[in-house]
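For reference, the chains in residue letters:
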Amino acid sequence: MPQLKELLVEELQDLLHAETQLTAALPKMAQAASHPALKEAFEKHLLQTQNQVERLQKVFETLGEKAEPKPCRAMQGLIEEGKERIQETSGKEAPAADLALIAAAQKIEHYEIAAYGTARGLARQLGEFDCARLLSRTLGEEESADFLLTSISDPLVQQAALNERGANVNLDLPERSASYKKKSVRTEKVAG
Ligand SMILES: [Fe+2]
Ligand SMILES: [Fe+2]
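Cut-off values and rules
Sequence order as written defines the numbering, with residues in each chain counted from 1. Labels follow written order: the first chain is A, the first ligand is 1, and so on. In keeping with the predicted nature of the model, local features appear solely for residues at pLDDT of at least 70, side-chain atom pairs appear and are counted solely at 80 or more, and the whole-chain, interface and lining totals rest on all residues. To qualify as a helix, a DSSP run of H or I must reach at least 4 residues; to qualify as a strand, a run of E must reach at least 2; elements of each kind are numbered from the N terminus. Put plainly, a residue is buried at 20 or more neighbouring C-beta atoms within 10 Å of its own, exposed at 12 or fewer, and partly exposed in between, counting only other residues' C-beta atoms, which are placed from the backbone. Contact criterion: two residues are in contact if their C-beta atoms, reconstructed from the backbone, are within 7 Å. Per-residue confidence from the predictor is reported as pLDDT, which spans 0 to 100. Given a helix with a known number of residues, its expected span is that number minus one, times 1.5 Å. Summarising the geometry, the arc corresponds to the directions from the helix axis toward the C-beta atoms.

(A) Broad picture of the overall build of the protein chain. The number of helices and strands found in the protein chain is six helices and zero strands. Counting from the amino terminus, the protein chain carries its helices and strands in the arrangement α-α-α-α-α-α. Per-residue burial for the protein chain yields a buried fraction of 30% across its 192 residues. For the protein chain, long-range pairs separated by at least 24 residues make up 74% of all intrachain contacts whose partners lie at least 6 apart in sequence.

(B) View of the environment of Glu 40. Note that Glu 40 resides in helix 2 (residues 36-63). Spatially, the C-alpha atom of Glu 40 lies 7.4 Å from that of Ala 30, the residues being 10 residues apart in sequence.

(C) Quick look at the confidence of the model for the protein chain. Looking at the protein chain, the pLDDT average stands at 88 and 86% of residues meet or exceed 70. Here helix 6 (residues 177-191) stands out as the least confident element of the protein chain, with mean pLDDT 42; helix 2 is the most confident, with 98. Scored below 50 in pLDDT, residues 168-192 makes 13 contacts in the model with residues more than four places away or belonging to other chains.

(D) Expanded view of helix 3 (residues 73-89). In this model helix 3 runs 24 Å from its N-terminal to its C-terminal C-alpha over 17 residues, within 8% of the 24 Å that 1.5 Å per residue would give. Of the residues making up helix 3, those classed as buried are Met 75, Leu 78, Ile 79 and Gly 82. Take helix 3 and look down its axis: the buried residues cluster within an arc of 95°, on one side only. In helix 3, those exposed residues whose orientation departs by more than 90 degrees from the buried face are Arg 73, Gly 77, Glu 80, Glu 84, Gln 87 and Glu 88.

Right, here's the structure in full:
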């Protein structure tokens with residue numbers, strides 16, 4: 001097999017294993033999420049990921065290659081790290097725990113974005129345009145998933161910062177806590 005095609009097939013085998021692992025990890029992430037929007041985002045991305053596994057099988061078919069996964073240690077590590085974060089944050093406040101989950105999920109999405117971008121580039125170089133189109137579709141889904149996670153994390157970061165400010169005020173500035181409390185209640189109403 002020519003070197004470039006061999007490289008593409010190897011990248012796809014890595015992705016097949018990565019996506020398959022994710023179909024097992026995403027339900028756990030959805031279960032661990034507190035914010036309904038985050039739970040929904042993980043559930044939606046699980047369906048997309050199952051579809052992406054099927055799409056990858058189509059890509060192998062298009063290339064006339066067998067859909068054989070090759071252990072993706074990078075994704076194993078990212079998922080492992082995500083599991084650790086879920087355990088570490090299980091007793092923490094909801095925004096902090098959700099933010100840790102989002103951080104783990106965005107690292108996973110960025111890995112996928114890099115891998116699909118590389119695979120699509122190789123496919124185009126080889127003139128495998130049907131294969132490149134299929135990879136583009138998945139790449140678009142990964143980018144949207146990453147964008148959605150950012151849009152969920154932004155207000156959660158603000159909420160976590162507000163919570164933290166309230167705690168500092170109560171501990172360090174008792175004489176000013178009444179006015180800070182009023183302020184934080186007003187801001188929370190706006191945020192909520
Ligand atoms: Fe994916
Ligand atoms: Fe993804």
